[in-house]
Amino acid sequence: ILVFFDPHDGPVAPAAARAAQSSLAMQKSMHELKSELESSGLPPLEIGIGVHTGPVVVGNIGSSLRAKYGIVGLAVNVVQRIQEKAEGGQIVVSQELYDILGDKLTVEKSFTAQLKGVQEESILYMLRDFQAPCS
């Protein structure tokens, strides 16, 4: 699943915060589903989530005969590579997202990884919690 949080020409931080909150909610729901599956004797199901922020191009792609709403750009490729580093039950976030949300994130650990298509090693973080600002 690729989820895009559009900042609507505003600051990126609120969209990044929604992405962090959503990833934690998804993992919580998956944990509950996993428990239900196991209690029913079914095999466990887990997902790994990658979260990143960066510029993309979004819109309708194609012609009037065949069009689709799509998203393209380096950030799309990078988040897919980050997601590949996330094992079942984990949320891995990029340095870019960490820089935006900073002290609101609680991470288990940081690590470096060589992402396919990216020259330099990337610093990644395993997200444990996110402290949303009070409204």
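Summary of the structure given here.

Calculation criteria
- Per-chain numbering applies: the sequence of each chain, read as written, is numbered from 1 onward.
- A pLDDT threshold of at least 70 governs which residues receive local features in this predicted model, and a stricter bar of 80 or more applies before side-chain atom pairs are shown or counted, although totals over entire chains, interfaces and linings include all residues.
- Excluded from the side-chain calculations are hydrogens and water; all other atoms, namely the structure's heavy atoms, are used.
- Secondary structure elements follow DSSP: runs of H or I no shorter than four residues count as helices, runs of E no shorter than two count as strands, and numbering proceeds from the N terminus.
- Throughout, exposure labels follow a simple rule: accessible area from a 1.4 Å probe, protein chains only, divided by the maximum for the residue type, with under 20% read as buried, over 50% as exposed, and the rest as partly exposed.
- In this analysis, two residues are considered to be in contact whenever any of their non-hydrogen atoms come within 4.5 Å of each other.
- Where accessible areas are quoted, they stem from the Shrake-Rupley method and a 1.4 Å probe; at the residue level, only the protein chains shown are allowed to cover.
- Working convention for charge: Lys and Arg count positive, Asp and Glu count negative, and His plus the chain ends are omitted.
- We put the charge of a Lys on NZ, of an Arg on CZ, of an Asp on CG and of a Glu on CD.
- Note on pairing: two strands pair once DSSP finds at least 2 bridges between them.
- Helix axes use the C-alpha atoms of the stretch in contact, all axes being lines fitted to C-alpha atoms, and the angles between their N-to-C directions lie in the range 0 to 180 degrees.
- Residues grouped as a nonpolar core are buried Ala, Val, Leu, Ile, Met, Phe, Trp, Tyr and Cys residues, joined through side-chain atoms within 4.5 Å.
- Every helix has an expected span of 1.5 Å times one less than the residues it contains.
- The arc in question is the one traced by the directions running from the helix axis out to the C-beta atoms.
- Like-charged residues are merged into a patch within 9 Å and nonpolar side chains (Val, Leu, Ile, Met, Phe, Trp, Tyr) within 5 Å, provided each residue has over 30% relative accessible area and no salt bridge.
- Put simply, a salt bridge is a Lys or Arg side-chain nitrogen that is within 4 Å of an Asp or Glu carboxyl oxygen.

Thoughts on the overall build of the protein chain
Thinking step 1. Along its length, the protein chain carries three helices and six strands.
Thinking step 2. For the protein chain, with 135 residues in total, the buried portion stands at 30%.
Thinking step 3. For the protein chain, long-range pairs separated by at least 24 residues make up 56% of all intrachain contacts whose partners lie at least 6 apart in sequence.
Thinking step 4. Accessible area of the protein chain: about 8900 Å², with a carbon and sulfur share of 52%.
Thinking step 5. Taken together, the 11 basic and 15 acidic charged side chains of the protein chain have centroids lying 5 Å from each other.

Concerning the sheet that holds strand β6 (residues 122–130)
Thinking step 1. Across the sheet, which stays open at both edges, the four strands sit in the order β1-β4-β6-β5 with mixed pairing between neighbours. With one partner strand each, in any of the chains shown, β1 (49–51) and β5 (105–113) form the two edges of the open sheet. Neighbour-to-neighbour, the strand axes of the sheet open up by a mean angle of 30°, direction not taken into account.
Thinking step 2. Both β1 and strand β4 (residues 91–94) contribute to a ladder of three bridges, which runs parallel. Counterpart to isoleucine 49 in the pairing with β4 is isoleucine 91.
Thinking step 3. Lying over the sheet, helix α1 (residues 12–39) contacts β1, β4, β5 and β6, oriented at roughly 65° with respect to β6.
Thinking step 4. Contacts from helix α2 (residues 74–85) reach β1, β4, β5 and β6, with the element oriented near 140° to β1.

Details of the nonpolar core
Thinking step 1. Counting residues in hydrophobic clusters, the biggest one holds 14 residues, and the most contacted among them are Val51, Val93 and Leu101.
Thinking step 2. Mapped onto this core, the elements with two or more residues apiece are α1, β1, β4, α3 (95–101) and β6.
Thinking step 3. The greatest single-element share of this core, amounting to four residues, is contributed by α1.
Thinking step 4. Among residues more than four places away in sequence, those in contact with valine 51 are Ala19, Ser23, Val79, Ile82, Ile91, Val92, Val93, Ser94 and Leu97.

So, α2
Thinking step 1. If you check α2, its first and last C-alpha atoms are 17 Å apart, about what twelve residues at 1.5 Å a residue would give, namely 16 Å.
Thinking step 2. Those residues of α2 lying buried are Ala75, Val76, Val78, Val79 and Ile82. Taken down its axis, α2 places every buried residue within 165° of arc, on the same side.
Thinking step 3. Where α2 is buried, its residues contact β1, β3 (67–72), β4 and β6.

Brief notes about a nonpolar patch on the surface
Thinking step 1. A contiguous nonpolar surface patch, about 250 Å² in accessible area, is contributed by Val57, Ile61 and Val72.
Thinking step 2. Residue valine 72 is classed as partly exposed on the basis of its relative accessible area, which comes to 43%.

Here we look at the pattern of salt bridges
Thinking step 1. Tallied over the full model, the rule gives two salt bridges.
Thinking step 2. A salt bridge links lysine 34 to glutamate 46, with the shortest nitrogen-to-oxygen separation between them at 2.9 Å. Residue lysine 34 is located in helix α1, and its partner glutamate 46 is located in the loop between α1 and β1; the two are separated by twelve residues in the primary sequence.
Thinking step 3. A salt bridge links glutamate 84 to arginine 81; its shortest N-O distance comes to 3.9 Å. Of this pair, glutamate 84 and arginine 81 are both found in helix α2, three residues apart, which corresponds to roughly one turn of the helix.

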